[in-house]
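Take a look at the letters that make up each chain.
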Amino acid sequence: MIFNFEYISAIISSTLRMVSPILLCSLAAALCSKAGVFNIAMEGCMMISAFFAIVVNFYSGGNIMLSVLAAIASSMAVSAILAFFIIKLKASPVVVGMSINTASSAVTTFFMYIFFKTKGLFQHPDLVGLTKITPFFADAFPDLAQMFFGLTFIDYLSWVLVVVIYIFLYKTVLGYRIRAIGINQEAAKSLGTPVETYQFVTMTMSGILCGLAGVLLSMGSVTLFIQNIASGKGYIAMTANNLGKSHPVGVFFASLFFGISQAVGSFLQQTQLKGQITASIPYVATILASIFESIRYRRLREKKIKESMKLGN
Amino acid sequence: MKTKLSIKNFFQHFSDISYSLIAVVIGLIFGAIIMAATGFNPIEGIFGLIKGGFLSPYAIASTFTRATPIIFAGLSAALAWGSGYSSMGAQGQMIMGAITAAIVAPLIKGPAILVVIVTLAASMVAGALFSLISAYISAKYDAYLLIITLMFNYVADYFASYLTNYVFLDPYALDKLAIQTQLIENGTIPRIFSRYTTHYGFIVALLCVAIIAFIINKTSFGYKARMSGLNPNFAEYGGIESRKTMYKVLLLSGAIAGLGGALEVLGSKFRYVDKMITSPGYSWSGITASLMSNYSAVGVLISSIFLAGITVGGSSIELMMSIPSEITLIIQGIITMLVTAKFVIRLPKFSKKEGAKK
């Protein structure tokens, strides 16, 4: 029963939708860690951008482009504040990042009350969600196309961005410089690279990615805003970045794994399993993934050491 | 020479406090600006915050009640963060302590004092063990402690929610929507003054502040922990086994958080209510308090009372002026962001002084 085609295609379809926000955020984290700055505020950026997307959506009468722009702008502003504190004021990235995450939750709830006179959940018939794109092969392969229904242009954009960021980091001079900063800040500085400016710009730009992720949360598969809408996705994205070793392609597969775990979690809600158990699946998966990754890494290293010892003999 | 040094130390200490005070003032100013921008009277708002939190016996009593769990979370954070382990696990450990208390207390038959002691001990063990899990994973598998503890916070919350929903749900509840365990009748912690909500848990918190201050400042364990927080490589070089210290620190910080959760159950709620630890954000307030006081135990006490005060004041201005109480969390966030930025503002000043001496 569980293994029939419709079930599988439903799981794939919801996986694809769950992957994009995590993927976008972990790409943002990857960019930042390549530039040698530690960004943990993706959670907060997502919440703020998801909120302002809904606010502009409501007051502009459902103008999607404006909402997306507002989301990106607000997320970039938050990232710029974060970058200013970390890079210019040398504040602790963990502390500033966590304060932004908790303050974002408070800021959105505060302004939700100011704008909409409600706390907790805001939903309105005037809100317009992102347009769902029907895949071009829908007529030829309706079964296959079913998996891609419900995807928006940001979902597709997130896949394109994997390639774009890969090319940017590994095939352009600018990307090379950014990676050089991440590898050795002092060396990059001695070569005349304006390290702090590069880091600041990279961090602010990574806000664009979190902004897009935020739009997906509040205007993607559902169009509403709910308190703590990011629900730990920003932290999961950080783990995805670690597992993917900050490489865009690695990050893509790690995000895919977390997308699957979220999709399976929400899918199992329809079975007899209790909601609390299924809801904790993504978080347990994150912990387990870090453990397995570390074991795998250790084995690889041991193997390498053994091989080099053999060569020595 | 020696006196000079101590005077300098005093000023160094004083500047720590003054930076936290500046952060608090800037935080409040930002809060006022936000209130003004959203059409509220900022002066009345800020005054309301302070009045509602500190300026009447009732307000102070509510503030002390609110501060109790924050002090425990703050002590737990001061131990862990002060030793260089940025653990966010206090929330999960408090939840485990709270749910353990709610389960254990009704099971024990006997005099109230015995019930309280056994329950608190059980909760401390639960908190410590829960902390041990994340410490073990982080140490054994080189996983990032911050993320592991954050993930375990979600797991703990869902786990406690599952237990309250399906295993220990109060069968006699009048309100069927309330997700809570059975009321604890024997073994609750009494109030200090019958008119006010402050319970003896606050006294326990004061005792813990003294104990932790002693441990941090006067024992070799505290010294080792502080050293590994200041410079892990140097500590290792000086013969401090960082693994062992890490386990000890995190076990102790977990036990304290667990105790805090248990006292919240035995002293104020008398049962576990779903999300009772998560939604007030005790854990984050505790971490803020420990950062504001630069990981000193006595500082945690003062900062926790301040943070609890503006939170209590926040709910009172929400009632009186309909300013959303989240304003206090925004102020708290701004304060936290500013307190770690202080080091940079201070450093150039110090180098100048030393330069002048030479």
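Residues numbered from 1 in each chain as written. Chains lettered and ligands numbered in written order. Predicted model: local features only at pLDDT ≥ 70, side-chain atom pairs only at ≥ 80, totals over all residues.

The number of helices and strands found in chain B is 13 helices and 0 strands. For chain B, the α and β elements follow one another from N to C terminus as α-α-α-α-α-α-α-α-α-α-α-α-α. Within chain B, counting contacts between residues at least 6 apart in sequence, those at least 24 apart form 76% of the total. (Helix = DSSP H or I, 4+ residues; strand = E, 2+ residues; numbered from the N terminus. Contact = placed C-beta atoms within 7 Å.)

All right, on to the interface of chain B and chain A then. Across the contact, 34 residues belong to chain B and 36 residues belong to chain A. Sorting the residues of the side of chain B that touches chain A by element identifies α6 (145-167), α11 (282-292) and α13 (326-357) of chain B as the ones contributing at least two each. Considering each element in turn, the side of chain B that touches chain A owes the most residues, 12 residues, to α6(B). Grouping the amino acids of the side of chain B that touches chain A by side-chain chemistry returns 24 nonpolar, 8 polar and 2 charged. (Nonpolar A, V, L, I, M, F, W, Y, C, P; charged D, E, K, R; others polar.)

The next subject is the nonpolar core. Formed by 202 residues in total, the largest nonpolar core has its most connected members in A:Cys25, A:Ala50, B:Leu75 and B:Ala98. When residues no more than four places from it in sequence are discounted, the contact partners of B:Ala98 are B:Gly261, B:Ala262, B:Glu264, B:Val265, B:Tyr272, B:Met276 and B:Ile277. (Core = buried A, V, L, I, M, F, W, Y, C linked by C-beta atoms within 7 Å. Buried ≥ 20, exposed ≤ 12 C-beta atoms within 10 Å, placed from the backbone.)

The next thing to look at is helix α6 (residues 153-171) of chain A. Residue and element names in this part refer to chain A. Over its 19 residues, α6 runs 26 Å from end to end, which matches the ideal 27 Å to within 8%, given 1.5 Å per residue. At Val-160, α6 shows its maximal bend, which comes to roughly 25°. Residues of α6 that are buried include every one of Asp-155, Ser-158, Leu-161, Ile-165 and Leu-169, and no others. Buried-residue contacts for α6 involve α1 (5-34), α7 (173-183) and α11 (248-268). (Expected span 1.5 Å × (residues − 1). Bend = angle between axes of the 7 residues up to and from the residue.)

All names here are of chain B. Even without being a glycine, Tyr-295 presents a positive backbone phi close to 65°. Note that Tyr-295 resides in the loop between α11 and α12 (297-321). Even without being glycine, Ser-322 reaches a positive phi, approximately 50°. Tracing the backbone shows Ser-322 in the loop between α12 and α13.

On to the packing of α1(A) against helix α9 (residues 195-219) of chain A, then. Residues and elements named next belong to chain A. Packing of α1 against α9 brings their axes to within 8 Å, and their N-to-C directions diverge by 175°. It follows that α1 is roughly antiparallel to α9 by the angle criterion. On α9, the residues touching Ser-20, Pro-21, Leu-24, Cys-25, Leu-27, Ala-28, Leu-31 and Cys-32 of α1 are Thr-202, Met-203, Ser-206, Leu-209, Cys-210, Leu-212, Ala-213, Leu-216 and Leu-217. When its residues are assigned to classes, the contact of α1 with α9 shows 14 nonpolar, 3 polar and no charged. (Axes fitted to C-alpha atoms, helices over the stretch in contact; angles between N-to-C directions. Parallel < 35°, antiparallel > 145°, perpendicular 65-115°, else oblique.)

Looking at chain B, the pLDDT average stands at 86 and 90% of residues meet or exceed 70. Low pLDDT (under 50) marks residues 343-358 of chain B, which in the prediction has 5 contacts with non-local residues, meaning those over four places away or in another chain. (pLDDT = per-residue confidence, 0-100.)

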